[in-house]
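Observations on chain architecture
The chain contents come next:
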Amino acid sequence: MSGVVLCREDEIGEGEARGFLIGAGAVRRDVILVRRGGVLRAYINACPHQGTPLETFADKFLNSDGSLLICSTHGARFRVETGRCVSGPCVGKSLTMIAVAIADGGLIVI
Ligand code: FES
């Protein structure tokens, strides 16, 4: 999956998150990109409880202050900075973080 362009850097503002589908079939990946404290992070969009994507509605991943990613299936809450579950049925487990970089031209690449 390395070298995949998700979007331009200026498309993810502070306190925002977006979902991306990459590839197709067996190599399809569902990715969350989130920015908090100026830092961009990327996670595989699969809850460690039952493996479902976190969101019900497009790009609706965060709580009101942008500190937690929320799984809409059973309500697990994950710290944006670490992906660790702090509330819900999978406390102590974590989302899978993936490396993200800003390439020349301001493109976000995983
Ligand atoms: S599938 Fe996410 S909390 Fe159950």
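Here, the structure is the one placed above.
Residues numbered from 1 in each chain as written. Predicted model: local features only at pLDDT ≥ 70, side-chain atom pairs only at ≥ 80, totals over all residues. Heavy atoms only, no water.

Within the protein chain one finds zero helices and ten strands. In summary, the protein chain has a C-alpha radius of gyration of 13 Å against a globular reference of 13 Å for 110 residues, a match within 12%. Put simply, the protein chain has 110 residues, and 36% of those count as buried. In the protein chain, the share of contacts with a sequence separation of at least 24, taken over all contacts with a separation of at least 6, comes to 41%. When the accessible surface of the protein chain is split by element, carbon and sulfur atoms take 51% of a total near 5,900 Å². In the protein chain, the 12 positive side-chain charges and the 11 negative ones have mean positions that sit 8 Å from each other. (Helix = DSSP H or I, 4+ residues; strand = E, 2+ residues; numbered from the N terminus. Rg over C-alpha atoms; globule rule 2.2 N^0.38 Å. Buried < 20%, exposed > 50% of the residue type's maximum accessible area, 1.4 Å probe, protein only. Contact = heavy atoms within 4.5 Å. Areas by Shrake-Rupley, 256 points an atom, 1.4 Å probe, with all protein chains shown as cover. Lys, Arg positive; Asp, Glu negative; His and termini not counted. Charge placed at Lys NZ, Arg CZ, Asp CG, Glu CD.)

Right, let's talk about the sheet that holds strand E8 (residues 97-98) for a bit. Pairing is antiparallel across the open sheet formed by four strands, whose spatial order is E2-E3-E4-E8. Every interior strand has two partners, whereas the edge strands, strand E2 (17-22) and E8, have only one. As paired elements, E2 and strand E3 (residues 29-36) share six bridges and run antiparallel to each other. Each residue of the ladder has a partner; that of Arg-18, found in E3, is Leu-33. (Pairing = 2+ DSSP bridges.)

So, about the sheet that holds strand E1 (residues 5-8). Sheet strands associate in pairs through backbone hydrogen bonding, adopting either a parallel or an antiparallel arrangement. Within the open sheet, the three strands sit side by side as E1-E10-E9. Their pairing is antiparallel. Two strands close off the open sheet at either side, each with one partner strand: E1 and strand E9 (101-103). Mean inter-strand twist for the sheet, computed between neighbouring axes without regard to direction, equals 35°. Relative to strand E10 (residues 107-109), E9 runs antiparallel, the two sharing three bridges. When the sheet's bridge partners are listed, Ala-103 is paired in E10 with Leu-107. (Axes fitted to C-alpha atoms, helices over the stretch in contact; angles between N-to-C directions.)

Within the secondary structure layout, Thr-82 lies in the loop between strand E6 (77-79) and strand E7 (85-87). In this structure Thr-82 comes out as partly exposed when scored by relative accessible area, which is 43%. Once the C-alpha coordinates of Thr-82 and Arg-29 are considered, the two residues, 53 residues apart in sequence, prove to be 20 Å apart. Setting aside its immediate chain neighbours within four residues, Thr-82 contacts Tyr-43 and Met-97. A distance of 3.1 Å separates a polar atom in the side chain of Thr-82 from the backbone nitrogen of Arg-84. (Polar contact = N/O pair within 3.5 Å; in protein donor to acceptor, adjacent residues only side chain to side chain.)

Although it is not a glycine, Asp-59 adopts a positive phi angle of roughly 65°. By secondary structure assignment, the location of Asp-59 is in the loop between strand E4 (39-44) and strand E5 (68-70).

To continue, consider the pattern of salt bridges. Scanning the model with the defined rule gives five salt bridges in all. Its salt-bridge partner being Glu-11, residue Arg-18 comes within 3.5 Å of it at the nearest N-O pair. Ionic pairing is found between Arg-36 and Glu-81, a salt bridge with its closest N-O pair at 3.0 Å. Here Glu-81 lies in the loop between E6 and E7 and Arg-36 lies in strand E3, a separation of 45 residues in the sequence. Arg-36 gets classed as partly exposed once you look at its relative accessible area, which sits at 26%. (Salt bridge = Lys/Arg side-chain N within 4 Å of Asp/Glu carboxyl O.)

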